[in-house]
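So you can see what is in the structure, the chains are spelled out below.
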Amino acid sequence: MEEAKFNNLCSHYKDSFDIHRTTIKQRDTLFYGLLVILAVFTLQLSSAETVATIVNEYVAKVSGIKVGNNVDFISTLMWLLLLGFSTRYFQVVLEIERQYGYLHSLEEQLSSHYPDSSAFTREGKTYLSKYPLFSNWVWLLYTLFFPSLIVFSVIAKITTEISAMDSIGFNQLIDFVCYLIIGTSAILYVYRLHESSLENLTSRFIGLFTRWRS
């Protein structure tokens, strides 16, 4: 009975790790796609006409459809692309974080059968012990600096659009809705990943403030 349970646990761990690896590949693909979209999106701040021409030529080459060099249309298209890719990217990264916790719990159960070995610690103790400083740095890039870059970019873009706006059109309404959704999603994403750290900082601040008042 114990052997059957162990074999089932091994099989489940293998399946879970395969799903985890597939999700990581999806995250990386989304990350590189977001970098390209964000670069083009940010380029609009200084060269909107150039971006319109590039996007028009690319769409015509890929699909044979000419969208024209309408700056407002291209701007809204980039907002929608950034919204779609960023939302999915945040969702996938959060899914990966949940998977790590589950894989670690499975490894603890499996490694208990090998107390004097490092077997079944690939994603847990062994992974966390390798290059911890660099791993923490990369994690911060994914979970803090990159979403912050997205937020700063959308704030700069919507500010530019508002300052150049003569009247509110349908395109501008779509852009503003995209701005609200992207900004809110990025803030919630960062908060979810750094929730425990933020709560610790808040508790310390409240404690210091309470001692100072007393």
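Calculation criteria
Residues numbered from 1 in each chain as written. Predicted model: local features only at pLDDT ≥ 70, side-chain atom pairs only at ≥ 80, totals over all residues. Heavy atoms only, no water. Helix = DSSP H or I, 4+ residues; strand = E, 2+ residues; numbered from the N terminus. Contact = heavy atoms within 4.5 Å. Axes fitted to C-alpha atoms, helices over the stretch in contact; angles between N-to-C directions. Parallel < 35°, antiparallel > 145°, perpendicular 65-115°, else oblique. Nonpolar A, V, L, I, M, F, W, Y, C, P; charged D, E, K, R; others polar. Core = buried A, V, L, I, M, F, W, Y, C linked by side-chain atoms within 4.5 Å. Buried < 20%, exposed > 50% of the residue type's maximum accessible area, 1.4 Å probe, protein only. Salt bridge = Lys/Arg side-chain N within 4 Å of Asp/Glu carboxyl O. Left-handed = near helix turned anticlockwise from the far one by under 90°. Patch = residues over 30% accessible without salt bridge, like charges linked within 9 Å, V, L, I, M, F, W, Y side chains within 5 Å. Areas by Shrake-Rupley, 256 points an atom, 1.4 Å probe, with all protein chains shown as cover. Phe/Tyr/Trp six-rings, centres within 6.5 Å; stacked < 30°, edge-to-face > 60°. Lys NZ or Arg CZ within 6 Å of the ring centre and 35° of its normal.

Engineer: Any chance you could explain the side chain of Ser 153 here in plain terms?
Structural biologist: Turning to its location among the elements, Ser 153 is positioned in helix 5 (residues 132-163). Beyond its immediate stretch of four places on either side in the chain, Ser 153 contacts Leu 38, Phe 41 and Thr 42.

Engineer: When you look at the packing of helix 2 (residues 48-63) against helix 3 (residues 71-111) in this model, what are you seeing that I'm missing?
Structural biologist: Axis angle and axis distance: for two packed helices, these are the angle between their axes and the distance between the axes, and together they describe the pair. The interhelical angle for the contact between helix 2 and helix 3, taken along N-to-C directions, is 75°, at an axis separation of 9 Å. Judged by the angle between their axes, helix 2 and helix 3 are roughly perpendicular. Contacts from Ala 48, Glu 49, Val 51, Ala 52 and Val 55 of helix 2 reach helix 3 at Val 71, Ile 74, Leu 77 and Met 78. Taken together, the residues that form the contact of helix 2 with helix 3 break down as eight nonpolar, no polar and one charged.

Engineer: Looking at this structure, how should I read the environment of Ile 54?
Structural biologist: One can find Ile 54 in helix 2. Between the C-alpha atoms of Ile 54 and Val 40, which are 14 residues apart in sequence, the distance is 9.2 Å.

Engineer: Looking at this structure, how should I read the environment of Phe 176?
Structural biologist: Note on placement: Phe 176 falls in helix 6 (residues 170-193). Residues Phe 176 and Thr 76, spaced 100 residues apart in sequence, show a C-alpha to C-alpha distance of 9.6 Å.

Engineer: Would you take a moment to explain the environment of Phe 17 for this structure?
Structural biologist: Within the secondary structure, Phe 17 is located in helix 1 (residues 2-43). Phe 17 sits 82 residues away from Gln 99 along the chain, and the two C-alpha atoms are 8.6 Å apart.

Engineer: Explain the nonpolar core to me, please; I cannot follow it from the model alone.
Structural biologist: Looking at soluble globular proteins, one finds that nonpolar side chains tend to be buried together. Membership of the largest hydrophobic core comes to 34 residues, with the highest contact counts inside it found for Leu 82, Tyr 89, Ile 150 and Tyr 189. Residue assignment for this core shows that the elements contributing at least two residues are helix 1, helix 2, helix 3, helix 5 and helix 6. Core analysis: the next-biggest nonpolar cluster, separate from the first, contains seven residues, Tyr 13, Phe 17, Leu 103 and Leu 106 among them.

Engineer: Hey, could you run me through the pattern of salt bridges in this one?
Structural biologist: Any two side chains of opposite charge can pair, given that their charged atoms come close. This model, assessed by the stated rule, comprises four salt bridges. A salt bridge links Asp 18 to Lys 14, with the nearest nitrogen and oxygen atoms 3.3 Å apart. Residue Asp 18 and its partner Lys 14 are both found in helix 1; the two are separated by four residues, about one turn of the helix. Residue Asp 18 is classed as partly exposed on the basis of its relative accessible area of 25%. A salt bridge links Asp 28 to Arg 27, with the nearest nitrogen and oxygen atoms 3.0 Å apart. Through salt bridges with shared partners, a single ionic network connects Lys 14, Asp 18 and Arg 21.

Engineer: It is not clear to me how the packing of helix 3 against helix 6 should be interpreted in this structure. Could you clarify?
Structural biologist: Axis separation between helix 3 and helix 6 bottoms out at 9 Å; the angle between their running directions is 20°. By the angle class used here, helix 3 and helix 6 are roughly parallel. Here the hand of the crossing between helix 3 and helix 6 comes out left-handed. For the contact of helix 3 with helix 6, a count of residues per class yields 17 nonpolar, six polar and four charged.

Engineer: Explain a nonpolar patch on the surface to me, please; I cannot follow it from the model alone.
Structural biologist: Among the surface-exposed residues, Phe 134, Trp 137, Leu 141 and Phe 145 lie close enough to one another that they form a single nonpolar patch of about 420 Å² accessible area. Tracing the backbone shows Phe 134 in helix 5. With relative accessibility at 55%, the residue Phe 134 sits in the exposed group.

Engineer: How should the packing of aromatic side chains be read in this particular structure?
Structural biologist: When we look at a pair of aromatic rings, we describe it by the centre distance and by the angle of the planes. Summed over all chains, the structure comprises eleven aromatic pairs. Geometrically, the ring pair formed by Tyr 89 and Tyr 189 is tilted, given 6.4 Å between the ring centres and 50° between the ring planes. Highlighted residues: Tyr 89 in helix 3 and Tyr 189 in helix 6, separated in sequence by 100 residues. As far as the burial class goes, Tyr 89 and Tyr 189 line up, both buried. Ring centres 4.4 Å apart and planes at 25° place the aromatic pair Phe 90 and Tyr 189 in the stacked group. Linking Phe 90 in helix 3 with Tyr 189 in helix 6, this pair joins segments that are 99 residues apart in sequence. As far as burial versus exposure is concerned, Phe 90 and Tyr 189 are alike and both buried. The aromatic ring of Tyr 142 is capped on one face by Arg 27, whose charged end is 4.3 Å from the ring centroid.

What is shown is where atoms sit, not what they do.
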